[in-house]
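Okay, here's what each chain looks like letter by letter:
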Amino acid sequence: MKLHLNGRDLDVPDALGERRLIEFLRDDLDLTGAKNACDIGACGACTILVDDEPLKICIKRVKDVAGHRVLTIEGMAAPDGTLHPLQQAFVERGAIQCGFCTPGMILVAHAFLLKNPHPTREQIRKAINGNLCRCTGYQQIIDAIEQAAIYYRSAAAAQTQVSQT
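Residues numbered from 1 in each chain as written. Predicted model: local features only at pLDDT ≥ 70, side-chain atom pairs only at ≥ 80, totals over all residues. Heavy atoms only, no water.

### Considerations on the overall build of the chain
Put simply, the rule reads: In this description a helix means any DSSP run of H or I spanning at least four residues, a strand means any run of E spanning at least two, and both kinds are numbered starting from the N terminus. The reference for a compact globule is 2.2 Å times residues^0.38; the radius of gyration itself is calculated from the C-alpha atoms. With a 1.4 Å probe rolled over the protein chains alone, any residue whose accessible area is under 20% of its type maximum counts as buried; one over 50% counts as exposed, and the rest are partly exposed. Calculation of accessible area relied on Shrake-Rupley with a 1.4 Å probe; when residues are assessed, cover is drawn exclusively from the protein chains displayed. Two residue types count as positive, namely Lys and Arg, and two as negative, namely Asp and Glu; His and chain ends fall outside the count. To locate a charge, take NZ of a lysine, CZ of an arginine, CG of an aspartate or CD of a glutamate.
Tallying secondary structure elements over the chain gives five helices and five strands in all. Ordering the α and β elements of the chain from the N terminus gives β-β-α-β-β-β-α-α-α-α. For the chain, the C-alpha radius of gyration of 16 Å lies close to 15 Å, the compact-globule estimate for 165 residues. For the C-alpha atoms alone, the extent of the chain along its principal axes is close to 45 × 45 × 30 Å. Across the 165 residues of the chain, 39% fall into the buried class. About 8700 Å² of surface is accessible on the chain, with carbon and sulfur atoms providing 51% of the total. Side chains of the chain give 18 positive and 19 negative charges; the mean places of these two sets differ by 6 Å.

### Quick notes on the sheet that holds strand β4 (residues 53-56)
Selection rule: We call two strands paired when DSSP finds no fewer than two bridges between them. Axis definition: a line fit to C-alpha positions, over the contact stretch in the case of helices; interaxial angles, taken between N-to-C directions, run 0 to 180 degrees. Contacts are assigned to residue pairs that have any heavy atoms within 4.5 Å of one another.
The sheet built from five strands is open, its strands ordered β2-β1-β5-β3-β4 with mixed pairing. Both edges of this open sheet fall to β2 (8-11) and β4, since each of them pairs with a single strand only. Between one strand and the next, the sheet's axes are offset by a mean angle of 35°, whatever the strand orientation. Note: strand β1 (residues 2-5) against strand β5 (residues 69-71), two bridges, orientation parallel. Bridging from a neighbouring strand, histidine 4 pairs with arginine 69 of β5. Across the sheet, helix α3 (residues 102-115) touches β3 (47-50), β4 and β5, and the angle it forms with β3 is around 35°.

### Structural notes on the pairing of β1
Judged by which residues are buried, β1 turns out to be one-sided: Leu3 and Leu5 face inward and are buried, whereas Lys2 and His4, on the alternate face, are not. Between β1 and β2, which pair antiparallel one after the other, the connecting turn spans two residues, and asparagine 6 there sits at a positive phi close to 50°.

### A look at a nonpolar patch on the surface
Counted only if it meets this: Residues qualify for a patch when their relative accessible area is over 30% and they have no salt bridge, like charges being joined within 9 Å and the nonpolar side chains of Val, Leu, Ile, Met, Phe, Trp and Tyr within 5 Å. Note on definitions: salt bridges are taken to be side-chain nitrogens of Lys or Arg within 4 Å of carboxyl oxygens of Asp or Glu.
Taken together, the side chains of Leu83, Val91 and Ile96 present a nonpolar region at the surface, about 220 Å² in accessible area. Tracing the chain through its elements places isoleucine 96 in the loop between α2 (85-92) and α3. Looking at isoleucine 96, the relative accessible area reads 37%, which means it is partly exposed.

Spelled out as structure tokens, the structure:
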């Protein structure tokens with residue numbers, strides 16, 4: 001079975017298809033950003049992106065993402081370790097306190113901003129509604145996403161300009 005994980009192709013033995021995806025990522029691949037908090041797909045701490053769509057993986061199996069593009073928080077930063085502008089905005093805006101919800105929150109925000117680089121604060125609130133945070137009161141998270149939207153707007157504008165040439 002094939003996975004495209006964080007920009008790289010990965011061959012996974014079929015025998016691991018029934019393994020819980022959260023355990024496979026954390027225990028087998030040492031990708032520990034996604035957290036298993038609720039075990040019922042409710043809190044969002046386990047969120048990753050599959051084909052640029054958020055997926056709560058504590059209730060998913062490895063086979064559920066076979067053949068798809070999978071992005072974990074570990075795949076957001078540049079190869080040299082430079083943080084993605086969205087991650088940097090979370091740092092700059094104090095949107096990281098305990099950090100438990102942060103990977104899932106960032107990935108949900110990333111998927112949202114790819115589709116909507118011109119969000120209102122209310123749209124941001126709705127986008128992160130499925131991800132719980134007990135530390136920040138959400139204001140810093142919303143501020144960080146709003147700040148990062150500037151990057152997504154410029155990236156979308158650059159992409160539009162390239163496709164028009």
